[in-house]
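Per-entry structural report
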Amino acid sequence: MTEARWGDDARNPPIDWTMSAALENVVRGGGDIAEVTNLGEAVRAWRDLDPDHRAHAVLILDHPVHIDGAAANRFEGEGIAALAERLGD
């Protein structure tokens, strides 16, 4: 038998920071090359970008994550910032 979950935990299960993720629209070495890594490292790399590159970056995840009850697997700008706030390192 499966237990039901209620409240915020049910709407926002823990984020799997080890899942595959690609950080795109970021210039590396003179070209626009996507960085494919795990979600935690992609968010850390985004935090290290200058504000202009942060604004244009796109983060695509292997699986959707839930933030404030909504599931998404593609984040830009403020969406990536919301993930960064939850990283907790």
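Look up a bit, the structure's there.
A few points about the overall build of the protein chain
From N to C terminus, the protein chain includes 4 helices and 6 strands. In the protein chain, the succession of helices and strands from N to C terminus is α-β-β-β-β-α-α-β-β-α. Out of the 89 residues belonging to the protein chain, those deemed buried represent 31%. Working note: accessible area of the protein chain is about 5,700 Å², and carbon and sulfur atoms make up 49% of it.

Side note on the sheet that holds strand β5 (residues 58-67)
Overall, antiparallel pairing links the 4 strands, which are arranged β4-β1-β5-β6 in an open sheet. Each having just a single partner strand, β4 (35-38) and β6 (70-76) make up the two edges of the open sheet. Put simply, the sheet's adjacent strands are angled 35 degrees from each other on average, direction ignored. As paired strands, strand β1 (residues 20-24) and β4 are joined by 4 bridges and run antiparallel to one another. Pairing of Ser 20 across the sheet is with Asn 38, part of β4. In this fold helix α2 (residues 39-47) packs onto β1, β4 and β5, with an angle of close to 125 degrees to the strand it touches most, β4. Along the sheet, helix α4 (residues 77-87) makes contact with β5 and β6, crossing β6 at roughly 115 degrees.

Quick look at the pattern of salt bridges
All chains considered together, the criterion is met by 3 salt bridges. The salt bridge involving Asp 68 is made with Arg 86; its shortest N-O contact spans 3.5 Å. You can see Asp 68 sitting in the loop between β5 and β6 and its partner Arg 86 sitting in helix α4, a full 18 residues away along the chain. We classify Asp 68 as exposed; its relative accessible area is 55%. For Arg 86, a relative accessible area of 35% puts it in the partly exposed group. Notably, a salt bridge pairs Arg 74 with Glu 76, separated by 2.2 Å at the nearest N-O pair. Note on Arg 74: relative accessible area 47%, which makes it partly exposed.

Describing the packing of aromatic side chains
All chains considered together, the criterion is met by 0 aromatic pairs. We note Arg 54 situated over the ring of Trp 46; from NZ or CZ to the ring centre the distance is 4.8 Å.

Structural notes on the nonpolar core
Leu 39, Leu 59 and Leu 83 are the most contacted members of the largest nonpolar core, which has 22 residues in total. Per-element tally for this core: the top contributor is α4, with 5 residues. Discounting residues that sit within four places of it in the chain, Leu 39 has contacts with Ile 15, Asp 16, Trp 17, Met 19, Ala 21, Leu 59, Leu 61, Val 65 and Leu 83.

Reading the values: the criteria
- Residues numbered from 1 in each chain as written.
- Predicted model: local features only at pLDDT ≥ 70, side-chain atom pairs only at ≥ 80, totals over all residues.
- Heavy atoms only, no water.
- Helix = DSSP H or I, 4+ residues; strand = E, 2+ residues; numbered from the N terminus.
- Buried < 20%, exposed > 50% of the residue type's maximum accessible area, 1.4 Å probe, protein only.
- Areas by Shrake-Rupley, 256 points an atom, 1.4 Å probe, with all protein chains shown as cover.
- Pairing = 2+ DSSP bridges.
- Axes fitted to C-alpha atoms, helices over the stretch in contact; angles between N-to-C directions.
- Contact = heavy atoms within 4.5 Å.
- Salt bridge = Lys/Arg side-chain N within 4 Å of Asp/Glu carboxyl O.
- Phe/Tyr/Trp six-rings, centres within 6.5 Å; stacked < 30°, edge-to-face > 60°.
- Lys NZ or Arg CZ within 6 Å of the ring centre and 35° of its normal.
- Core = buried A, V, L, I, M, F, W, Y, C linked by side-chain atoms within 4.5 Å.

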